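# Residue-level structural notes
One letter stands for each residue in the lines below.
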Amino acid sequence: IHLMSAHPESAARRDAGPVSRSDHRTMARFLAGLLLLGAARADSLLDSVEAALQEDDACAWDAELGEQLCGVELFQQRSRFLSSAQAHDAAAEAGCPEDKLLGQWKNDDALGFKTITIGLKVAKATELGAGCHGVHATIVVPSYLGGDRQYILTMTPAAGGTYHVRYFNPTATPTYFHLGEYNPATDVLTEDLGHVNGGAQKLDSFPGSTTSILTFSRSA
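Let me sum up the structure you'll find in this document. (Residues numbered from 1 in each chain as written. Predicted model: local features only at pLDDT ≥ 70, side-chain atom pairs only at ≥ 80, totals over all residues. Heavy atoms only, no water.)

## Quick word on the overall build of the protein chain
- Scanning the protein chain for helices and strands turns up 3 helices and 10 strands.
- Each helix (α) and strand (β) of the protein chain, taken in turn from the N terminus, gives the series α-α-β-β-α-β-β-β-β-β-β-β-β.
- Per-residue burial over the protein chain gives 33% buried out of 220 residues.
- For the protein chain, long-range pairs separated by at least 24 residues make up 42% of all intrachain contacts whose partners lie at least 6 apart in sequence.
- Summed over its atoms, the accessible surface of the protein chain is roughly 13000 Å², and 56% of this surface lies on carbon and sulfur atoms. (Helix = DSSP H or I, 4+ residues; strand = E, 2+ residues; numbered from the N terminus. Buried < 20%, exposed > 50% of the residue type's maximum accessible area, 1.4 Å probe, protein only. Contact = heavy atoms within 4.5 Å. Areas by Shrake-Rupley, 256 points an atom, 1.4 Å probe, with all protein chains shown as cover.)

## Description of the packing of aromatic side chains
- Under the defined criterion, the tally for this structure stands at 3 aromatic pairs.
- Ring centres of Trp-105 and Tyr-182 lie 6.1 Å apart, and the angle between their planes is 90 degrees; this geometry places the pair in the edge-to-face category. Residue Trp-105 is located in strand E3 (residues 103–107), and its partner Tyr-182 is located in strand E8 (residues 176–183); the two are separated by 77 residues in the primary sequence.
- The class of Trp-105 is buried, set by a relative accessible area of 2%.
- Classification of Tyr-182 as buried rests on a relative accessible area of 4%.
- Chaining the aromatic ring pairs together yields one cluster made of Tyr-151, Tyr-167 and Tyr-176.
- In this structure, Arg-166 packs its charged tip against the face of Phe-177, placed 4.3 Å from the ring centre. (Phe/Tyr/Trp six-rings, centres within 6.5 Å; stacked < 30°, edge-to-face > 60°. Lys NZ or Arg CZ within 6 Å of the ring centre and 35° of its normal.)

## Thoughts on the environment of Ala-125
- By secondary structure assignment, the location of Ala-125 is in the loop between strand E4 (118–124) and strand E5 (135–140).
- Taking the C-alpha atoms as reference points, Ala-125 and Val-135, 10 residues apart in sequence, are found 4.8 Å from one another.
- Once you skip the residues sitting within four places of it in the chain, Ala-125 turns out to touch Gly-134, Val-135 and His-136.

## A look at the state of the cysteines
- In total, this model carries 1 disulfide according to the counting rule given.
- Two residues, Cys-96 and Cys-132, share a disulfide whose sulfurs are 2.0 Å apart. Where Cys-96 bonds to Cys-132 through sulfur, the torsion about that S-S bond is close to -85 degrees, and the disulfide is left-handed. Of the two residues, Cys-96 is situated in the loop between helix H3 (71–94) and E3 and Cys-132 in the loop between E4 and E5; the sequence distance between them amounts to 36 residues. (Disulfide = S-S within 2.5 Å.)

## Re the pairing of E8
- Judged from the 7 bridges that link them, strand E7 (residues 163–169) and E8 form a sheet pairing that is antiparallel. Bridged to Phe-168 within E8 is Phe-177.
- Hairpin geometry of E7 and E8 is characterised by an intervening segment of 6 residues between the two adjacent antiparallel strands.
- Of the strand pairs in this sheet, E8 and strand E9 (residues 188–192) are connected by 5 bridges, and their pairing is antiparallel. Within the sheet, the bridge partner assigned to Gly-180 lies in E9 and is Glu-191.
- Hairpin connection from E8 to E9: 4 residues lie between these consecutive antiparallel strands, with Asp-187 at a positive phi of about 55 degrees. (Pairing = 2+ DSSP bridges.)

## Notes on the sheet that holds E4
- Spatial ordering of the closed barrel is given by E3-E4-E5-E6-E7-E8-E9-E10, a layout of 8 strands whose pairing is antiparallel. Sheet twist, expressed as the average angle between the axes of neighbouring strands with direction ignored, equals 30 degrees.
- For strand E6 (residues 149–157) and E7, the ladder comprises 6 bridges, and the chain directions are antiparallel. Looking at E7, one finds that Leu-153 is bridged to Tyr-167. (Axes fitted to C-alpha atoms, helices over the stretch in contact; angles between N-to-C directions.)

Encoded structure:
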């Protein structure tokens, strides 16, 4: 986000010909409609814009573009900023897709081994900061199968309302990731241990296992 500040040459206009106040008002109404804001918010914005455009020499310096914006161009730039901010607010209100995974999961008889349960604990990844950067997960694995592992889970939309899930292990040397799937309709989460880093070649499974797919159901 960048801020617009007054510039010493704010009285200068671009040499693009005169623009009437009537043209200002028409353009302002058109652009306000394009913002897709609520009616009350659009009216408020329009009032502010019309007031700001009463002075033909109203200008501001845009530090990012490195140039001076005046009149309708100034309004267009501010409109784009407001539209971007509104989209960010809407995404925040909707939450992150990874939030669907928060909680505890388990896979009974995991990998085809009777009586073996592998757990998955998913929590907010506060160390990643604000925004949708993933969630923290701990795979709870018996020590004779390698012990617990730490992951950062991220999701991307897939066909049929499902999600591709990426299990990234940032603590391993070298780092690696597995892929899986989450189906919100059935609330089932999977992880494919048979492929690493998206590779096509299938890895050897654990001796005695009948599958390399972990299939988690929610336990809490």
